[in-house]
Structures are given as C-alpha cells and as structure tokens.
Protein chains: 2
Amino acid sequence: MGASSIEPDRDALRRALEAEILAEIPLARAMGLSITGHDGESVRLAAPLAPNINDKGCAFGGSLVSLMTVAGWALVRLALDARGSACDIYVADSEVRYLAPVWQDFEVVARLAEGEDFASLFDGLATRGKGRCRVRCHVPLADGDAATLSARFVAIART
Amino acid sequence: MGASSIEPDRDALRRALEAEILAEIPLARAMGLSITGHDGESVRLAAPLAPNINDKGCAFGGSLVSLMTVAGWALVRLALDARGSACDIYVADSEVRYLAPVWQDFEVVARLAEGEDFASLFDGLATRGKGRCRVRCHVPLADGDAATLSARFVAIART
C-alpha cells in the first residue's frame, strides 16, 4: 500500500495512453497498435501482421517505422506522465535500419539511447520549458533485430 | 504516335502502381494515399490530413515517414517498370527529419539523391541481379519543407 501511493501506477498510465493513442491517431487504430508493457525503463508496443502487410506479404516498412516512432514517443510520454508533467512531445529526427523481413505479428521495444537519462529531460523542462532525449527502438525477432530506430524527441511544457 | 511507341506510358504505369499499392498495402488504403504525378525523374504522392492526424491534430509522424518511404519505393519501382524490369524492391535504411507541423492535406516529392543515377541501378541489376540507389524525399509546404527523408533502396531481380 505504501509503495502504491508513492510509485506511479504504470499499468494505469499505460492503458490510458493506449486508449488515447487509439482514440486520437487513426493510423494507430488501422495498425492495431497496443502498448503491451512498460517498466519505467522500456516500453513495448505490438501490432498484428495482417493490417500491416506490404506487397510481398511481410510487414510494411511504413508500419515498422511508425510503430517504432510511436514507441519512442510513448516512452517519453509515460516518463512525463509518471511525474505528472503535461507536455507536447515531438519527434525531431530519426535513423532507421531495415534488417530483415517480418512474417509474423511484431513487437517494438523502446528505451533511452545509451548515455541518455530522463534527469536531463526533466532538468531541461524545469529550467527552459523544453527538454530533449534520444531513444533507441528495435523490432526483435528470434534470431536478431528486424529493424532499429534511433530518434530524438523534444518535449515542450504546456503553459 | 512515334513517341508513344518508344516512351513508356508513365500515366498508365503510375495508375497501375497506385491501384496495386492500394490493393496490397492496407495501411496505404488507411492513409488515403494517391500517386499524383510521375515524370521519370520525380514522383509525387499525396494524402489527406483527416486519416493521418496525430494527438495534436496535425499530421502524424508515422504517416509522414510512411508516405515518404512509399514515395521513394515508388520512384524506384516506376523506373524499373518503365524498363520492363520485374524486381522486388526493399528499403534498407533512412534518415528522417521532421521540421514543421503539417496542418493540411500533404504531398511528398521523391527523386534520386544528388549524384545518383538510374544507370548504376540498372547496371547492378544486369551484372549482379541486385542494384541500389539513394532517394531523397520531402514534404513541401508554402514556406519550406515539413519533413525530409534520405533513404537507400535495394532492387533484386526476380528470377
């Protein structure tokens, strides 16, 4: 009981964000996106293959990069939600690598890039009303990654 | 009449490719994608804002990067179609910059990156059954680009 009053309820935040994304982003609905996990350091999103196929019958590159971009955005958003910080969050740039075709339902894992920490993001927001961080996402398969994304996000405090 | 028997019918190829994309890629249908122009050097794709909004009511980053990725892919595909080359075309990697929000229906223009030419792609296909090229795409607005993408595509001859 003590812990639950100090720690944010990550499951509730995750479910609320999933509902918000599905309500407000038509393409996320079309993709069948779900947020399947969040532990404070990483977030996991999933999508079924069927609505995300390409002309070859494997996962459409646009679906992979979209899910990775939303996963990075969700990682930042959930960190800010857990602190009660209301911000608008934008993706600034990204580098994407497509390494292997995906022939099944897929998942994205997003976490901060190496050397990044949320403290810098929060400090920037507190002192300048604007914070940045770099996120790394990947689409894991049994034998390696199908795709990776490294992206910078900017959070701007709502005034 | 003479020219039409030598030059490929670019409008027919463009319409056939649009129909194929819409038939085979559910997310392209969800985005309302259309191929609005092709002159042999550049291809233009368009999408309405409504099915592509994000939580802020402007264009979703996933829609922008998806449309740019499909535009690059379509540029390569139409160049190969015009030669009658049947290939599978894959995006290998991309760098994306999100520069300004998009509050309206939007368009993507794709052309080969500076210093690239289709001759190298065709040569690779003829000699090794595999060709590569780098494409540059942008989402033009009245006062500059809303987003840019630089991507490498690989074409593999169908055997």
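Note: the structure precedes this text.
Our subject in this report is the structure included herewith. The structure presented is a predicted model; accordingly, all values stated were derived computationally and were not measured. (Residues numbered from 1 in each chain as written. Chains lettered and ligands numbered in written order. Predicted model: local features only at pLDDT ≥ 70, side-chain atom pairs only at ≥ 80, totals over all residues. Heavy atoms only, no water.)

1. With respect to the pattern of salt bridges
Residues and elements named next belong to chain A. The line we're drawing: By definition, a salt bridge exists where a carboxyl oxygen of Asp or Glu is found within 4 Å of a side-chain nitrogen of Lys or Arg. Secondary structure elements are defined from DSSP: runs of H or I of at least 4 residues count as helices, runs of E of at least 2 residues count as strands, and each element is numbered from the N terminus. In this scheme, a residue with accessible area under 20% of its type's maximum is buried, one over 50% is exposed, and one in between is partly exposed, where area comes from a 1.4 Å probe on protein chains only.
Under the defined criterion, the tally for this structure stands at 18 salt bridges over all chains. Between Glu107 and Arg44 there is a salt bridge; the shortest N-O distance is 3.1 Å. On the criterion of sequence distance, the pair formed by Glu107 in strand β4 (residues 106–112) and Arg44 in strand β2 (residues 42–47) is long-range, its members being 63 residues apart. With relative accessibility at 25%, the residue Glu107 sits in the partly exposed group.

2. Notes on the interface of chain B and chain A
Rules: Contacts are assigned to residue pairs that have any heavy atoms within 4.5 Å of one another. A simple way to read buried area is as the amount of 1.4 Å-probe accessible surface that goes missing from two parts once joined, with both sides added. Residues adjacent in sequence count toward polar contacts only when both atoms are side-chain atoms; beyond that, a polar contact is any pair of N or O atoms within 3.5 Å, and within protein one must be able to donate a hydrogen and the other to accept it.
Chain B puts 32 residues into the contact, and the matching count from chain A is 32 residues. Buried surface at the junction of chain B and chain A, both sides included, amounts to about 2,700 Å², of which 64% is carbon and sulfur. Counting the contacts that link chain B with chain A gives zero salt bridges. If you look at where chain B meets chain A, you find nine residue pairs in polar contact (both at pLDDT 80 or more). Among the elements that take part in the side of chain B that touches chain A, strand β3 (residues 87–98) of chain B stands out by supplying eleven residues, more than any other.

3. Some words on the relation of the copies chain B and chain A
Stated formally: For the least-squares superposition of copies, only C-alpha atoms count, and only for residues with pLDDT at least 70 in both.
Screw-axis analysis of chain B against chain A gives a translation of 0.0 Å along the axis, an RMSD of 0.0 Å, and a rotation angle of 180°. A rotation of that kind, with that shift, is consistent with a two-fold axis. Of the C-alpha atoms belonging to chain B, the one lying closest to the rotation axis is found on B:Glu95, 2.3 Å away. Counting the interface residues of chain B, we find that 100% of their copies in chain A are interface residues as well, pointing to one common contact surface.

4. Some thoughts on the packing of aromatic side chains
This is how it is decided: Only centres within 6.5 Å qualify two rings of Phe, Tyr or Trp (six-membered ring in Trp) as a pair; their planes then separate them into stacked at under 30 degrees, edge-to-face at over 60, and tilted for everything else. Charges are assigned to positions over rings by a cutoff of 6 Å between ring centre and Lys NZ or Arg CZ, combined with an angular limit of 35 degrees from the ring normal.
Counted according to the given criterion, the structure contains two aromatic pairs over all chains. Ring geometry for A:Phe118 versus A:Phe122: centroids 6.1 Å apart, planes at 20°, classification stacked. Of this pair, A:Phe118 and A:Phe122 both sit in helix α5 (residues 118–128), four residues apart, which is roughly one turn of that helix. Above the ring of B:Tyr90, the side-chain terminus of A:Lys56 is found at 4.7 Å from the ring centroid. Lying over the aromatic face of B:Phe122, B:Arg83 brings its terminal NZ or CZ to 3.8 Å of the ring centre.

5. Here we look at the packing of helix α2 (residues 10–24) of chain B against helix α4 (residues 61–83) of chain B
Residues and elements named next belong to chain B. To keep it simple, the criterion reads: In this analysis an axis means a line fitted to C-alpha atoms, helices contributing only their contacting stretch, and an angle means the value between N-to-C directions, from 0 to 180 degrees. Any angle from 65 to 115 degrees is called roughly perpendicular, while one under 35 is roughly parallel, one over 145 is roughly antiparallel, and all others are oblique. Two helices cross in a left-handed way if the nearer one is turned anticlockwise from the farther one by less than a right angle. They cross in a right-handed way if the turn is clockwise.
At a closest axis distance of 10 Å, the pairing of α2 and α4 adopts a crossing angle of 130°. In terms of their interaxial angle, α2 and α4 are classed as oblique. Where α2 crosses over α4, the two elements pack in a sense that is right-handed. Within the contact between the two elements, α2 uses Arg10, Leu13, Arg14, Leu17, Glu20 and Ile21 and α4 uses Val70, Trp73, Ala74, Arg77, Leu78, Asp81 and Ala82.

6. Let's talk about the sheet that holds strand β1 (residues 34–38) of chain A
For the record, the criterion: Two strands qualify as a pair provided that DSSP identifies no fewer than 2 bridges between them.
Read across the sheet, twelve strands follow the order β1(A)-β2(A)-β4(A)-β5(A)-β6(A)-β3(A)-β3(B)-β6(B)-β5(B)-β4(B)-β2(B)-β1(B) without closing on themselves; strand pairing throughout is antiparallel. With partners counted over all chains shown, the strands left at the sheet margins are β1 of chain A together with β1 (34–38) of chain B, one partner each. Mean inter-strand twist for the sheet, computed between neighbouring axes without regard to direction, equals 25°. By the bridge criterion, six bridges tie β2(A) to β4(A) in an arrangement that is antiparallel. Bridging across to β4(A), A:Ser42 finds its partner in A:Arg111.

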